[in-house]
Amino acid sequence: MIPYDFVNVVLMRLPPLNAIRAFEAVCRHGSILKAAEELNVVRGAVRQQITTLENHFGRKLFTRDGRRLVPTLQARAFAEASSAAFDILQRAASELEGAVPSRIRLGVPSAFAVWWLMPRMADMQASLGDTVDIVPMTMVEPLQMHPELDAVIMGGEYRPAAGIAALRFMADEFGPVATPALAATLSKDPAAMGALTMLASRSVPKLWDEWFAESGTPPVVFSRAQEFEDLLLALGAARSGLGIALAPRASIEDDLQRGHLVAPYGFISRPSGYSLCCRTPDAKRPAFAALSGWLLRCGMSG
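A brief structural summary. Throughout this document, residue positions are counted from 1 along each chain, in the order its sequence is written. Side-chain atom pairs in this predicted model are given and counted only at pLDDT of 80 or more, local residue features only at pLDDT of at least 70, and totals for whole chains, interfaces and linings cover all residues. Calculated side-chain values reflect all of the structure's heavy atoms, with hydrogen atoms and water omitted.

Here we come to the overall build of the chain. Secondary structure is summarised from DSSP: a helix means a run of H or I of at least four residues, a strand means a run of E of at least two, and numbering begins at the N terminus for each. Scanning the chain from terminus to terminus reveals 12 helices and 10 strands. Overall, the chain is about 75 × 45 × 35 Å in size when its C-alpha atoms are taken along their principal axes. For every residue, the accessible area (1.4 Å probe, protein chains only) is compared with the maximum for its type, and the residue is labelled buried under 20%, exposed over 50%, or partly exposed between those bounds. Across the 302 residues in the chain, those meeting the buried criterion constitute 44%. Accessibility throughout is a Shrake-Rupley quantity obtained with a 1.4 Å probe, and a residue counts as covered only by protein chains that appear here. Only carbon and sulfur atoms are counted for the fraction: they give 57% of the accessible area of the chain, which is about 16,000 Å². Working convention for charge: Lys and Arg count positive, Asp and Glu count negative, and His plus the chain ends are omitted. Charge positions come from single atoms, namely NZ of Lys, CZ of Arg, CG of Asp or CD of Glu. Distance between charge centres in the chain, computed from 30 positive and 30 negative side chains, equals 4 Å.

So, in structure tokens, the structure goes:
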């Protein structure tokens, strides 16, 4: 049996729970104001809780990047652990109250939702029933940034944080795509793309850089670049003949089959692919097991 005095000493070393809650909210939002709005308190109360936590640890917990507050390297690890702990407590409290939700709010990248998931929605509903609410995400962010969601689909190189379970259900390929008319103006040398407008998305700002690096293609100097808020819009611009976009194949498979878009330099494999991410306690729920199984089946079949 653990001595009572020992338990007291250990508990005394823990910082106040309200201070941890304020810290975790500021880390997610990058803003004291937004954290205060979420917690329904004034900004001064959040600042005081952050000061309490910094005094407890004897170090600064944030640096400033423009208008955004960014946790230090050491503080980031504590923030991830705090988010995971709050999620576990929330789920445990829901189970104790018998209020575990029967539906799953699933955050999905917009382009992926439109061109991969929507054509399979009838099969999803036939397999899973009406248990999944699809929430399109213009800016795809990790689950710990979205307490209102139960799960998200993440693409590319993603490393799950503490308390998050990730199931990779599908590999993917990506490459430059354009209309057949524009592609016909290009030579076999990718440098020829420089004569076209580069279509990019703020939601995946490094996609072109990743393709150049992973394909071994020297970076191209484009005559013009046009940036869109969402990959969905960038691909729509490509389909309209406005330029050339970098696209995950899963998002444009239907366009390729119909001949609306072509890939003049082919696609390269992205083994990182797509992952279903949920909180670790939720991974054992029957609804999540069913969703995981359905995604694996569809992902394997293309």
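The next point concerns the packing of helix α7 (residues 121-128) against helix α12 (residues 286-301). Contact geometry for α7 and α12: axes closest at 10 Å, N-to-C directions at 140 degrees. For the element pair α7 / α12, the angle class is oblique. Every pair of crossing elements has a handedness; the one defined by α7 and α12 is right-handed. Contact residues: α7 offers D123, M124, S127 and L128, while α12 offers A290, L291, W294, R297 and C298. Between the N-to-C directions of two axes lies an angle of 0 to 180 degrees, each axis being a line fitted to C-alpha atoms and, for a helix, fitted only over the stretch in contact. Angles are sorted into four bins: roughly parallel if under 35 degrees, roughly antiparallel if over 145, roughly perpendicular if 65 to 115, and oblique for all others. In a left-handed crossing the near helix is turned counterclockwise from the far helix by less than a right angle, and in a right-handed crossing that turn is clockwise. In what follows, a contact means two residues having at least one pair of non-hydrogen atoms within 4.5 Å.

Turning to the pattern of salt bridges, a few remarks are in order. Think of a salt bridge as a Lys or Arg side-chain nitrogen and an Asp or Glu carboxyl oxygen that are within 4 Å of each other. A complete count under the given rule lists 12 salt bridges for this structure. Ionic pairing is found between R249 and E173, a salt bridge with its closest N-O pair at 3.2 Å. Residue R249 is located in helix α11 (residues 249-258), and its partner E173 is located in strand β6 (residues 164-177); the two are separated by 76 residues in the primary sequence. Notably, a salt bridge pairs R202 with E227, separated by 3.1 Å at the nearest N-O pair. Here R202 is found in the loop between β7 (197-201) and α9 (207-215), whereas its partner E227 is found in strand β8 (residues 224-228), with 25 residues between them in sequence. Residue E227 is classed as partly exposed on the basis of its relative accessible area of 45%.

Glancing now at empty space enclosed by the protein. Here a cavity is any set of points on a 1 Å grid over the protein atoms alone where a 1.4 Å probe fits but cannot get out, and a pocket is any open set with protein on both sides within 12 Å along at least 5 of 7 lines; a residue lines the site when it has an atom within 4 Å of a point. Grid points are joined across faces, edges and corners, and a volume is the space filled by probe spheres set on the points. Per the stated rule, a full pass over the model turns up two cavities of 30 Å³ or more. Put simply, the largest cavity is a space of about 40 Å³. Forming the walls of the largest cavity are M121, M124, Q125, L128, G129, D130, T131 and V132. In terms of residues, the lining of the largest cavity owes the most to one element, α7, which gives four residues. Residue composition of the lining of the largest cavity, grouped by class: four nonpolar, three polar and one charged. The classification used treats Ala, Val, Leu, Ile, Met, Phe, Trp, Tyr, Cys and Pro as nonpolar, Asp, Glu, Lys and Arg as charged, and all other residues, Gly among them, as polar.

Let us look at helix α10 (residues 231-239). For α10, the complete set of buried residues consists of L231, A234, L235, G236, A237 and A238. Elements in contact with the buried residues of α10: α6 (110-117), β6, β7, β8, β9 (244-248) and α11. Capping of α10 at its N-terminal end is provided by D230; its side-chain oxygen lies 3.2 Å from the backbone amide nitrogen of L232. Downstream of α10 by one or two residues, G241 has phi in the positive range, about 85 degrees. Throughout this description, a polar contact denotes any pair of N or O atoms lying within 3.5 Å of each other; where both atoms belong to protein, one of them has to be capable of donating a hydrogen while the other can accept it, and for residues adjacent in sequence the pair is counted only when both atoms sit in side chains.

Below, the discussion takes up the packing of aromatic side chains. The pairing test for Phe, Tyr and Trp rings, Trp by its six-membered ring, is centres within 6.5 Å, and the orientation test on the planes gives stacked under 30 degrees, edge-to-face over 60, and tilted for anything in between. Tallied over the full model, the rule gives 12 aromatic pairs. A centroid spacing of 4.5 Å and a plane angle of 35 degrees characterise the contact between F112 and Y274, whose relative ring orientation is tilted. With F112 in helix α6 and Y274 in strand β10 (residues 268-279), this residue pair connects regions lying 162 residues apart in the sequence. Residue F112 is classed as buried on the basis of its relative accessible area, which comes to 1%. An aromatic cluster of three or more residues is present, and its members are F112, W116, F169, Y274 and W294.

On to the nonpolar core, then. The set of buried Ala, Val, Leu, Ile, Met, Phe, Trp, Tyr and Cys residues whose side-chain atoms join them within 4.5 Å is what this entry labels a nonpolar core. Among the nonpolar cores identified, the biggest contains 24 residues, and L106, F112, W116, F169 and L291 are the most heavily contacted of them. Secondary structure elements with two or more residues in this core: β3 (104-109), α6, α7, β5 (151-155), β6, β10 and α12. Take this core: its biggest share by element is five residues, from α12. Among residues more than four places away in sequence, those in contact with L291 are I104, L106, M124, L128, V132 and L276. Residues A22, A25, A35 and A79 belong to the second largest nonpolar core, which totals 19 residues.

This next bit is on the side chain of S201. Among the secondary structure elements, S201 is positioned in strand β7. For S201, a relative accessible area of 3% corresponds to the buried category. Here L231 takes part through its backbone nitrogen, which lies 2.9 Å from a polar atom of the side chain of S201. Dropping the residues within four chain positions of it, S201 is found in contact with F228, E229, D230, L231 and A234.

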